[in-house]
Every structure is written in structure tokens, then in C-alpha cells.
Amino acid sequence: MGVSQCGNGAGNEVPFTVTRSSPTASDRTLTVTETGSGTGTVISAPGGIDCGTTCSATFPDSTDVALTADPNAGSAFAGWIGGGCTGTGPCVTTLAADTTVTATFDTAPPTPYVLVAGDGGVFEPSDPGSLGTGRLRPGDGILRDAQGRIVGASGTPIDSPVVAIAYTPDRQGYWLAQANGGVIPVGDAPEVGNLRSLTLRSPIVGAAATRDRTGLYLVAADGGVFALGSAPFKGSLGGAHLNKPIVATSLDADGSGYLLVASDGGVFTFDATFRGSLGATRLDEPIVGMAVAPDGGYILAASDGGAFTFGPAFAGSLGGVHLDAPVVGIALDPDGTGYWMAGADGGVFSFDAQFFGSVADILLQSPIIGIVAL
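Reading guide: rules and limits
Residues numbered from 1 in each chain as written. Predicted model: local features only at pLDDT ≥ 70, side-chain atom pairs only at ≥ 80, totals over all residues. Heavy atoms only, no water. Helix = DSSP H or I, 4+ residues; strand = E, 2+ residues; numbered from the N terminus. Buried < 20%, exposed > 50% of the residue type's maximum accessible area, 1.4 Å probe, protein only. Contact = heavy atoms within 4.5 Å. Areas by Shrake-Rupley, 256 points an atom, 1.4 Å probe, with all protein chains shown as cover. Salt bridge = Lys/Arg side-chain N within 4 Å of Asp/Glu carboxyl O. Pairing = 2+ DSSP bridges. Axes fitted to C-alpha atoms, helices over the stretch in contact; angles between N-to-C directions.

Visitor: Explain the overall build of the protein chain here, please?
Guide: Of regular secondary structure, the protein chain possesses 0 helices and 30 strands. In the protein chain, which comprises 374 residues, the proportion classed as buried is 46%. Within the protein chain, counting contacts between residues at least 6 apart in sequence, those at least 24 apart form 45% of the total. Total accessible area on the protein chain is roughly 17100 Å²; 51% of this is exposed by carbon and sulfur atoms.

Set out below in C-alpha cells:
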């Protein structure tokens, strides 16, 4: 702060005060730069940086600042340079001096899909060598007991049919959900608990993971919803009269809520966008799966391969086509332009989406029960 004099236009001198707000000598500036063929956002904790828009901020000396990268659709985060950070996890840097950290976002490779079987087998039909993303490969991180059964970190084996798979956001791990409420974490998926100690009125039929990798929803055939870990409970249909059982669940597009779908095509939303249902429509075969699009719309699949869209563009179906095995699930290409259906025999059918292969020519020990886009 300084005091000086200036004229007031009438020949008199008038004192004025100038106050300058600037970083103190003990403040450090953290700057984030982004590079690569892709795009994304980097945010800081404590707050101050939200890059794309604000890519530099000042913090007190020796502050530990955590940076988190969030790739945009069609991009993948490739890693950090600077600040003592490497890899693709959160970057925590201690500001002992002005620091620049570079985040690299690359164009994401074509998105493959995985198939999951009732015995917990997970199959990635595409060539793993062509991905180059560092994603968890099926079988990586899986623990087995002396009998060869898949077990979780706690050593609990799969003792009930697997009914769903839910991946962590970084695709480095997943949970296998069992009909009895058991949950098997694989890779970097944390232990979030399970329902083994409960007597369920109806079996578990679906699962969905929260975006922050710390929570999991399990959904039962009677519409009961169980929130595990940090997953916030939004409501359920437990105790409500249902015309037909619930068969699948999914998070809303922004992760704020979830949807349930029944075998008659009825759709039930909890803090999620309702776009319509088939509850009053006569179906040739029951609904077996659903997939939610980036814009919040969704598509339902029937066991005969019929596809019913509420928002996403209709790209085709298998209605009227002879199938060797019933369709058991559907997955949307993440850009929302197409989708895949999977059969119980491991066959995969693509509609305006790239075909990565199937496991129909493999002798499966247990039928396929679902398909998930990575």
C-alpha cells in the first residue's frame, strides 16, 4: 500500500491510496497445462483450478494439492508430467515452488465390450493387444481358492450364480454381483460390503456402481434396492405391487440416480429421467436388459432381440430372426450412436456399432448373463 498526490483538476493536490492484492512471498503458483489428441478437465482440491477454464491458481507454500483428470467423451486420460506425478491416478503435489503439471488426454480407442457368465467368467472378445489402454483384462486381479473358485479379497468364493457385473469408472476393476447378495470385488474395486447376512425375499438381479468408485447398488427382483458402500439410497420398490419382476438396473446418465426395468417393460426411475416405458405394450418376449444413453435416454432389449428406444436412435433389432440362444443383455456404444446385444451362448449382435467379436464358438461352462461396454 502506498500514499501519493495527484491533481483534482482545480490545481489542488489530493492524497489517494493504492491497494495492491498480490501473492505473498510464501505463496506458490500451480499451473496445469493440457496436451495430447484428446480433451478433458482437470480440477484441484483445494479448489482453484478447473482446467479447461481456470488452469492456474495460487496456494500457500507447502500446500498438498490433489489434481484429478476427467476425460471428455471420446478421450482417455494418458497420464501426468511434472509435480512429481506419474501414472493415471490422482496427482498429489506439494508446492515448495511454483509448479507446472501437464495432463495428457489422448483420443480413446474404439470401445470394446465384455461378456460375463453365470459362473463369474468374464470374456473380452476383442484383441487385448489392440486396445493399448491399460484397462483391466478379464482374469487380471482375480483370486481363486484351492478349489479354483473365484474369491473376493476377503476370501469368500462365488457360491451363488453371478447375475451382473459393474465396472469401476477407471475400468481397472469390477464387482461381480450374485443372486444371494454376495459381491466379489476384482482389480481395484474396493470392498463395499454384501448382503450375505440378510434373508432376501427375492434374488438379486442387477447391479450398478457409483461414479466415485466407492459405492454399489444391488437390485432384487421384487424391486428392492440396496445401497452398499457410499452409494446414496434414492428409493426402491420393495413392498410395492409389481405386475412383473424387475430384471435390470442402470445409473442415470449423470450418475445422480438410477432406473429399474421390469420384464414387461415397465420403467421405474429414482432421481433419474423418465422417458417412457412399455408397461402397457404387449410383448412377444420379456424384457431382459436396459442401457442408458449419454443424453439420459435409454433402450430396452427383449429376449427375442427386440429393441425399444426412448431417446436413442433406433438402429435395428433381431425381432423375427431365428436365434440359437435368447438375448440376455444390451450395451450402448458410449457415443450413443449404436448398441450391442449378447446371447446366452456368447453371440454378439451389433447395430451401428463396431463388432469386436463374440465367444459363441467357445464351450462355455455357464451361460452368458450380460454384456457391458467398457
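Visitor: What should I look at first to understand the pattern of salt bridges in this one?
Guide: Once their charged atoms are close, side chains differing in charge can pair, the charge on each being opposite to the other. Overall, the coordinates contain 5 salt bridges when judged by the stated rule. The salt bridge partner of Asp 159 is Arg 196, with a shortest N-O separation of 2.9 Å. With Asp 159 in the loop between β14 (150–151) and β15 (162–167) and Arg 196 in the loop between β17 (183–187) and β18 (204–209), this residue pair connects regions lying 37 residues apart in the sequence. Note on Arg 196: relative accessible area 27%, which makes it partly exposed.

Visitor: Would you take a moment to explain the sheet that holds strand β28 (residues 339–343) for this structure?
Guide: Consider a sheet: its strands pair through backbone hydrogen bonds, and that pairing is either parallel or antiparallel. Taken in spatial order, the 3 strands make up an open sheet running β27-β28-β29, and their pairing is antiparallel. One side of each edge strand has no neighbouring strand; the edge strands of this open sheet are β27 (327–332) and β29 (348–351). In this sheet, adjacent strand axes meet at a mean angle of 20° when their direction is disregarded. One ladder, built from 4 bridges, connects β28 with β29; its direction is antiparallel. Bridge assignment links Trp 340 to a residue of β29, and that residue is Ser 350.

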